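# Coordinates in review
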Amino acid sequence: MANQMDILTKVLEESARLVEEKVDAELSKLNEMDEDDLERLKEKRLEALKKAQKQKQEWLSKGHGEYREISSEKDFFGEVKESKNVVCHFYRTSTFRCKILDKHLTILAKKHVETKFLKLNVEKAPFLTEKLRIKIIPTLALLIDGKTKDYVVGFADLGNTDEFPTEMLEWRLGCADVINYSGNIMEPPTMTQRSGTKITKVEKKTIRGRTYDSDSDSEDD
């Protein structure tokens, strides 16, 4: 046990030494800069800020920054064509879990301006839901460069509970690279699983002659 503690102490000391050396090197580099170097560094950072602001304005002009409803399949193709990253919520007004997603997507749309967040009523998109093979409502289609890369079907990937935090959905979208996620992709924000207390009930609904599954939540009595 004492030997293990000695090894751990040495590892921690070595890590601290490497970090300190790196910081010292950066400070030394800054000290060696003359006024011209500092001015060029300042200009480079200012240019990067201007570029980022210009990109943000371009995204906003295309409808990013807010969670919007589109009214038709034609609108869907137009919206997807002009934006690199798109999250589209295929919903039905009678499905309660769609309203839960609405709340989280409204928050994420404002936070992740780099991605366009949309919602489309499946009753108005029979061709599209068939083409994308959407069978369970709600479903999020995650598109990159006009192509569907991934789906979030129901709440199975979100802990299978109505009470999942916005951060859980954010993490799931980050896993698909459809947003710029700054957290740890390898680990969800919450590891608490409620299996055993929640079950998924599949409820049959018919929309314009076709059957969809409604992903709804119920507690096991």
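Residues numbered from 1 in each chain as written. Predicted model: local features only at pLDDT ≥ 70, side-chain atom pairs only at ≥ 80, totals over all residues. Heavy atoms only, no water.

In the annotation of an unreviewed UniProt entry, the entry for the protein chain reads Thioredoxin domain-containing protein 9, and the organism field reads Cyclopterus lumpus. We quote the UniProt Subunit (unreviewed entry) comment for the protein chain here in full: "Forms ternary complexes with the chaperonin TCP1 complex, spanning the cylindrical chaperonin cavity and contacting at least 2 subunits." Recorded in UniProt for the protein chain, the comment headed Function (unreviewed entry) runs: "Significantly diminishes the chaperonin TCP1 complex ATPase activity, thus negatively impacts protein folding, including that of actin or tubulin." (UniProt positions renumbered as here; feature names shortened; annotations may be inferred.)

### A closer look at the overall build of the protein chain
Looking only at helices and strands, the protein chain features six helices and eight strands. Across the 221 residues that make up the protein chain, the buried fraction comes to 37%. Long-range contacts, defined as pairs at least 24 residues apart, comprise 65% of the intrachain contacts of the protein chain with a sequence gap of at least 6. (Helix = DSSP H or I, 4+ residues; strand = E, 2+ residues; numbered from the N terminus. Buried < 20%, exposed > 50% of the residue type's maximum accessible area, 1.4 Å probe, protein only. Contact = heavy atoms within 4.5 Å.)

### Observations concerning the nonpolar core
Counting 22 residues, the largest nonpolar core has Phe-117, Leu-140, Leu-169 and Leu-173 as its most contacted members. The element contributing the most residues to this core is helix α4 (residues 96-111), with five residues. Excluding its chain neighbours within four sequence positions, the residues that come into contact with Leu-140 are Val-87, Cys-88, His-89, Leu-101, Leu-105, Asp-150, Tyr-151, Val-152, Leu-169 and Leu-173. The next biggest cluster of nonpolar side chains, apart from the first, holds 18 residues, and it includes Cys-88, Leu-118, Ala-125 and Leu-143. (Core = buried A, V, L, I, M, F, W, Y, C linked by side-chain atoms within 4.5 Å.)

### Concerning the environment of Asp-177
The residue Asp-177 is located in the loop between α6 (166-175) and β7 (198-207) in this model. Along the backbone, Asp-177 and Leu-142 are 35 residues apart, and their C-alpha atoms lie at a distance of 9.1 Å.

### As for the side chain of Lys-119
With respect to the helices and strands, Lys-119 occurs in strand β3 (residues 116-121). Among the polar contacts listed, one links the side chain of Lys-119 to the side chain of Asp-102, at a separation of 3.1 Å. The contacts of Lys-119, once residues within four sequence positions are left out, are Tyr-67, Arg-68, Glu-69, Ile-70, His-89, Tyr-91 and Asp-102. (Polar contact = N/O pair within 3.5 Å; in protein donor to acceptor, adjacent residues only side chain to side chain.)

### Remarks on helix α3 (residues 73-82)
Among the residues of α3, Glu-73, Phe-76, Glu-79 and Val-80 are the ones counted as buried. Looking straight down α3, one finds its buried side chains confined to an arc of 120°; they lie on one side. Within α3, the exposed residues directed more than 90 degrees away from the buried face are Lys-74 and Lys-81. Turning to α3, the residues buried within the fold contact β1 (67-69), β2 (85-91), β3, α5 (126-131) and β5 (139-144). (Arc of directions from axis to C-beta.)

### What to know about the sheet that holds strand β6 (residues 147-153)
On the basis of which strands lie adjacent, the open sheet formed by five strands has the order β1-β3-β2-β5-β6 and mixed pairing. Pairing within the sheet leaves two strands with one partner each, and these edge strands are β1 and β6. Put simply, the sheet's adjacent strands are angled 25° from each other on average, direction ignored. Bridge count between β2 and β5: six bridges; the pairing is antiparallel. Paired with Phe-90 across the strands is Thr-139, a residue of β5. (Pairing = 2+ DSSP bridges. Axes fitted to C-alpha atoms, helices over the stretch in contact; angles between N-to-C directions.)

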